[in-house]
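Each chain is listed here by its residues.
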Amino acid sequence: MKFFVDTAEIPAIAELNALGMVDGVTTNPSLIKKSGRDILEVTKEICDLVDGPVSAEVTATDADTMIAEGRKLLEIAENIAVKVPLTWDGLKACKVLSDDGAMVNVTLCFSANQALLAAKAGATFISPFIGRLDDIHMDGMELIEDIRIIYDNYGFETQILAASIRTANHVLDCARIGADVITAPPSVIKALVSHPLTDKGLETFLADIKSAGIKIL
Ligand code: G3P
């Protein structure tokens, strides 16, 4: 399973990238706003830092302007994936940009039928939002399962990019189901390392190191 980082914060991306934890990056208008940076500048910096796909989202809602914006974003770097919303116009833009050979990430997916449409429109990635479905007491993970089954049934190559990941359990369940990619904030990726028994075990080892005076260097 690939790990994308869901942020536009350069230091956080650089830290995880140095550990080989970054297969790509996703951004959205809210993350760009949070960064306080110009979208074109910060996206270029991210693309320079990371080898994998970097999703940058269009701002328009009509297909023609989305396509124009997508083409401008694609000039930033070769690893840009144009992110479009899962609307009828977004699907039109997806088809045109995908036919041009661009990577397209169709975002704001909340149903398996929407994911089916995105695959048929040639999406490289579909972004189902788990946490936001959980927020309204629906089962976000069930959506990932349904899309996996449907894409496998028909051999769609669109990659399932599970988004709105909030917890370590979301990551684990996505890996069990076989999501191709998860995108998560740096805090969630870093939280995957934590286990109370690791902390407790290390505490005991450190006490024994101290009392026995064990030294290596
Ligand atoms: O990139 C979109 C997505 O990951 C948003 O997550 O937590 O704002 O629902 P969240």
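Residues numbered from 1 in each chain as written. Predicted model: local features only at pLDDT ≥ 70, side-chain atom pairs only at ≥ 80, totals over all residues. Heavy atoms only, no water.

**Q** Talk me through helix H6 (residues 112-120); I want residue IDs and the actual numbers.
**A** What H6 keeps buried is the set Ala112, Ala115, Ala118 and Ala119. Projected onto a plane normal to the axis of H6, the buried residues spread over an arc of 110° and lie on a single side. Of the residues in H6, the exposed ones pointing more than 90 degrees away from the buried face are Asn113 and Lys120. Where H6 ends, the next residue or the one after it, glycine 122, has phi of about 90°, a positive value. (Buried < 20%, exposed > 50% of the residue type's maximum accessible area, 1.4 Å probe, protein only. Helix = DSSP H or I, 4+ residues; strand = E, 2+ residues; numbered from the N terminus. Arc of directions from axis to C-beta.)

**Q** Give a detailed account of the UniProt feature "active site" (unreviewed entry) in the protein, specifying residues and quantitative values.
**A** Here, UniProt's "active site" (unreviewed entry) annotation points to Lys83. Within the secondary structure layout, lysine 83 lies in strand S4 (residues 80-85). Excluding its chain neighbours within four sequence positions, the residues that come into contact with lysine 83 are Thr26, Thr27, Asn28, Ser55, Ala56, Glu57, Val58, Asn105 and Thr107. (UniProt positions renumbered as here; feature names shortened; annotations may be inferred. Contact = heavy atoms within 4.5 Å.)

**Q** Outline a nonpolar patch on the surface, supporting the account with residue identities and numerical values.
**A** The grouping of Leu202, Phe205, Leu206, Ile209 and Ile214 at the surface amounts to a nonpolar patch, some 500 Å² of accessible area in total. Within the element layout of this structure, leucine 202 appears in helix H11 (residues 196-212). (Patch = residues over 30% accessible without salt bridge, like charges linked within 9 Å, V, L, I, M, F, W, Y side chains within 5 Å. Areas by Shrake-Rupley, 256 points an atom, 1.4 Å probe, with all protein chains shown as cover. Salt bridge = Lys/Arg side-chain N within 4 Å of Asp/Glu carboxyl O.)

**Q** Lay out the site of the ligand with the relevant residues and their values.
**A** Neighbouring the ligand are Asp6, Asn28, Lys83, Phe129, Arg132, Ala163, Ser164 and Arg166. Side-chain polar atom of serine 164 to an oxygen atom of the ligand: 2.7 Å apart, as the coordinates give it. Within the contact set of the ligand, an oxygen atom lies 2.8 Å away from a side-chain nitrogen or oxygen of arginine 166. Burial of the ligand by the protein chains amounts to 81% of its free accessible area of 310 Å². Structurally, the ligand is housed in the largest pocket. The residue makeup of the shell around the ligand, split by class, is two nonpolar, two polar and four charged. (Near = heavy atom within 4 Å. Polar contact = N/O pair within 3.5 Å; in protein donor to acceptor, adjacent residues only side chain to side chain. 1 Å grid on protein atoms, 1.4 Å probe; cavity = no way out; pocket = protein on both sides within 12 Å on 5 of 7 lines; lining within 4 Å. Sits in = over half its atoms within 2 Å of the grid points. Nonpolar A, V, L, I, M, F, W, Y, C, P; charged D, E, K, R; others polar.)

**Q** Would you mind going over the state of the cysteines in detail, with residue names and values included?
**A** Counted according to the given criterion, the structure contains zero disulfides. No disulfide involves cysteine 47; its nearest neighbouring cysteine sulfur is the one of cysteine 94, lying 19 Å away. Left without a disulfide partner, cysteine 109 is nearest to the cysteine sulfur of cysteine 94, which lies 12 Å away. (Disulfide = S-S within 2.5 Å.)

**Q** Before we move on, could you go through the sheet that holds strand S6 (residues 125-128) and cite the residues and values that matter?
**A** In space, the eight strands of this closed barrel follow the order S1-S2-S3-S4-S5-S6-S7-S8, with parallel pairing throughout. Between one strand and the next, the sheet's axes are offset by a mean angle of 30°, whatever the strand orientation. In the sheet, strand S5 (residues 103-109) pairs with S6 via three bridges, with the strands oriented parallel. Along S6, the bridge assignment pairs cysteine 109 with proline 128. Contacting strand S3 (54-57) and S4, helix H4 (residues 63-74) crosses the sheet at an angle of about 160° to S4. (Pairing = 2+ DSSP bridges. Axes fitted to C-alpha atoms, helices over the stretch in contact; angles between N-to-C directions.)

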